[in-house]
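So you can see what is in the structure, the chains are spelled out below.
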Amino acid sequence: MTTRINPNRPSKIAAAGLKRIVLTAPTNLQVPHQQKPVRTKKNLNASYLVIAHSERGTLCDHALQTIAAAAILADAETNVLALILGELTEDLANVGADQVMVMPELDFEHFQPELELANISALIESIQPLRIFIPDNHTGDGDLGRRLIAHQKTKTAVTQVVEMDVGHVATYQAGGTSIAQTALPEITLLVANTVDTHLPFTALAQRSNQAISNQLTSNSYQDLGMQTIAATEIALEEADFIVSAGNGVQNVATLESLAHTLEASIGASRVAVDDGKFSRDKQIGASGKTVSASAYLAIGISGAVQHLQGIKDCRHVIAINTDASAPMVKRADLSVIGDAEEIMSALITLIAEAKSANLKVAA
Amino acid sequence: MNIKRIAVLVSTGRHPTSGVPRHCRNDSLALTIGIDLSHSDAAKLDVLHAGNANNPALMDYLALGADQISVIPTEPDTDIVDSLAERLGDTDLILTGSRAENDQDSGLLPYLLAEKLNIPIVANVLEVRQIGDKLEVLQFFPKGKRRRVAVNLPAVIAIHPLAAVELRFAYARQLQGKIHSLSTPVDRNQATSIMQWQIQQATRKPNKLKAQENLTGHERLLSAITSENKGGTVVNDGNSVEKAQVILSYLREHQLITF
Ligand SMILES: Cc1cc2nc3c(=O)[nH]c(=O)nc-3n(C[C@H](O)[C@H](O)[C@H](O)COP(=O)(O)OP(=O)(O)OC[C@H]3O[C@@H](n4cnc5c(N)ncnc54)[C@H](O)[C@@H]3O)c2cc1C
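What counts and what doesn't
- Residues numbered from 1 in each chain as written.
- Chains lettered and ligands numbered in written order.
- Predicted model: local features only at pLDDT ≥ 70, side-chain atom pairs only at ≥ 80, totals over all residues.
- Heavy atoms only, no water.
- pLDDT = per-residue confidence, 0-100.
- Helix = DSSP H or I, 4+ residues; strand = E, 2+ residues; numbered from the N terminus.
- Near = heavy atom within 4 Å.
- Polar contact = N/O pair within 3.5 Å; in protein donor to acceptor, adjacent residues only side chain to side chain.
- Areas by Shrake-Rupley, 256 points an atom, 1.4 Å probe, with all protein chains shown as cover.
- Salt bridge = Lys/Arg side-chain N within 4 Å of Asp/Glu carboxyl O.
- Domains from an automatic or database assignment.
- Pairing = 2+ DSSP bridges.
- Axes fitted to C-alpha atoms, helices over the stretch in contact; angles between N-to-C directions.
- Contact = heavy atoms within 4.5 Å.
- Parallel < 35°, antiparallel > 145°, perpendicular 65-115°, else oblique.
- Left-handed = near helix turned anticlockwise from the far one by under 90°.
- Nonpolar A, V, L, I, M, F, W, Y, C, P; charged D, E, K, R; others polar.

*Asks:* Describe in detail the confidence of the model for chain B, supporting the description with residues and values.
*Replies:* All names here are of chain B. Averaged over every residue, the pLDDT of chain B is 84; residues scoring 70 or more account for 90%. The spread of mean pLDDT over the elements of chain B runs between helix α6 (residues 217-225), the lowest at 72, and strand β10 (residues 155-159), the highest at 94. With pTM at 0.78, the complex prediction returns an ipTM value of 0.85.

The following block contains the structure:
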């Protein structure tokens, strides 16, 4: 999308009566990566509340997008308060959270909807947020959001919001054949990837830990525990940790043993599949599967666009490659340059040591 | 406590391309689970639909094994939650699909109903079984996670589309089954929703929300050629054990492994 050029920008009239544009001298030539301004520094009373569960101390992209959405929609008189349920080790300044409140006891691993609702309702009662934003996901927030909507009967609410701005929200209806619009409601449950998290400002992200105050006297639910399906049985699309092999992997046995020690699922590039090293259902990419693992270990994969398409939703990509200029290295969050076989073997040994040390500590 | 009354709430859907009315798969899963439970518990099964009794899609539910479907007539302004709640006061277990295909696919109905009846709700359920006076359910989560929850009865249970249930349609049952209209509730509550909706054909893609930026031409050029993206750490030095150690530390730092 192009921005229209301002026709009234600085100009002077040259000798022949021609209009000449004066180039404004860029003030930040020397420091191209200037600090972004803080969106609002005032200590504000009015607030937008964003609620999300953390996972392993961080927020998923979907939750970050929801905070960014609130920051984009908030005016200079409104605070963005992010309420994080579960531990948080991440800084939320660059997604625009002015205040961050953490309730570590209410993490996603435990099913305690009544306790969550009681504490959040108490918070809503005390701060009276103008609007509430929640990611509409399947990892606790979508469920919590709907409980909240049912509980806060007087508030207007829309779920499955696919489009939003200051004036309206939109959601699909009738199985996606029509789209329905309404004014921005008080509670919004937002679908993933509807917000650009690139912000021209930052926020102060003042943090406070909040111990839960409301305890319950009775409980309708009893959590009997979370279980995870074994990595070998789970569909690749659902896998959370994938060890993936490309043309740079000579020894499939080493890769399989690495996947086994990491309790990870196995994926492969097209070349590795074409070579007959892996079955077709392991292929990841444009003509294979699209995966969304938290951790993706790309071993000896160059990172052709067709492959990268399949891993665009992966959170942490780690590359092992002999070639530091491979496209996969640009995509990866961590790249280790070296021979796949050697590093895999070293990793297997290290993990085995770490596991046995853990066992000794536990014993 | 024995489950004496089970209610299954069914909605109707349409085929996405032909538009032909048909059953809603999620609700059919809930119905099949309800039928199986009612047999093992000798409980009475009510199948309820709020809408139009002449909708041909309801036939599918008869074929699936519902003996009778009770239809609560609705006007555009009736509050479905209220009308349903009136009929469900003495029900021990209410089963629904997790998200209807048609109308407002908001997934809110089970929650609103549970709140109205003041009973617990568990959504995205794959399996249901009765243990003592409680119901034990298996909940679906992405990334291969499942959670077992015991919930007090009465309760609302919304079934997940991946529930391992086989749908068995039989034409003979469709002929035997009956659909009957219930009377319109007397003191009909007006829908409390104050929201005004504007509905259009979904012909365009939704627009992404973006922050407004007032950049000079120079800044825009700069942002086009430099990217804010960190591009990740690249480790070139060290022997393979040190490099493996870097990977292990990264995995630990981001809590991707537990050892
Ligand atoms: C229409 C179309 C669809 C496609 N769909 C897909 C798809 O779905 N999925 C897919 O993966 N591809 C797909 N491809 C193919 C894609 O373009 C690439 O050819 C393929 O992904 C390359 O696989 P690779 O990275 O394993 O192999 P290569 O490109 O050969 O890369 C091997 C990498 O391993 C490194 N390496 C070599 N030796 C070692 C060593 N000893 N230790 C460490 N690293 C080493 C090399 O530096 C290199 O980066 C498609 C192509 C087309 C045209």
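The discussion continues.
*Asks:* So what's going on with the site of the ligand? Which residues, and what values?
*Replies:* All names here are of chain A. What surrounds the ligand is a group of 24 residues, the closest being Ser-269, Ser-287, Ser-302, Asn-321 and Asp-339. Note that an oxygen atom of the ligand is positioned 2.5 Å from one of the side-chain N or O atoms of Ser-269. Contact between the ligand and Arg-270: an oxygen atom at 2.8 Å from a main-chain N or O atom of the residue. When isolated, the ligand has an accessible area of 980 Å², and the protein chains bury 72% of it.

*Asks:* I'd love a proper account of the pattern of salt bridges, names of residues and values included.
*Replies:* All names here are of chain B. Under the defined criterion, the tally for this structure stands at 22 salt bridges over all chains. Between Arg-168 and Asp-36 there is a salt bridge whose closest N-O contact spans 3.7 Å. Taken together, the positions of Arg-168 in the loop between β10 and α5 (171-176) and Asp-36 in helix α1 (residues 25-41) put the pair 132 residues apart, joining distant regions of the chain. Through salt bridges with shared partners, one network takes in Arg-5, Lys-44, Asp-46 and Asp-90.

*Asks:* How would you sum up the domain arrangement of chain A? Please name residues and give values.
*Replies:* What the domain assignment lists for chain A is domain 1 (47-209) and domain 2 (231-362). Taking only C-alpha atoms into account, the centre of domain 1 of chain A sits 33 Å from that of domain 2 of chain A.

*Asks:* Which residues make up the sheet that holds strand β14 (residues 265-268) of chain A, and what values go with them?
*Replies:* Here we have six strands laid out as an open sheet, ordered β14(A)-β13(A)-β15(A)-β16(A)-β17(A)-β13(B), and parallel in their pairing. Both outer strands of the open sheet, β14 of chain A together with β13 (233-235) of chain B, are each paired with one neighbouring strand and no more. When strand polarity is set aside, the average angle formed by the axes of neighbouring strands in this sheet is 20°. Bridging between strand β17 (residues 334-337) of chain A and β13(B) involves three bridges; their strand directions are parallel. Residue A:Val336 lies in a different strand from β13(B), and its bridge partner there is B:Val235. Taken strand by strand, helix α4 (residues 252-262) of chain A contacts β13 (241-245), β14 and β15 (295-299) of chain A, and its axis lies near 170° from that of β13(A).

*Asks:* Please give an account of the packing of helix α3 (residues 141-151) of chain A against helix α4 (residues 109-117) of chain B that cites residues and values.
*Replies:* Running from N to C, α3(A) and α4(B) point in directions that differ by 45°, and their axes come no closer than 9 Å. Viewed along their axes, α3(A) and α4(B) adopt a mutual orientation that is oblique. The interaxial crossing formed by α3(A) with α4(B) has right-handed handedness. Together, A:Asp143, A:Arg146, A:Arg147, A:Ala150 and A:His151 of α3(A) and B:Tyr111, B:Leu112 and B:Glu115 of α4(B) make up the contact between the two elements. When grouped by side-chain class, the residues that make up the contact of α3(A) with α4(B) number three nonpolar, one polar and four charged.

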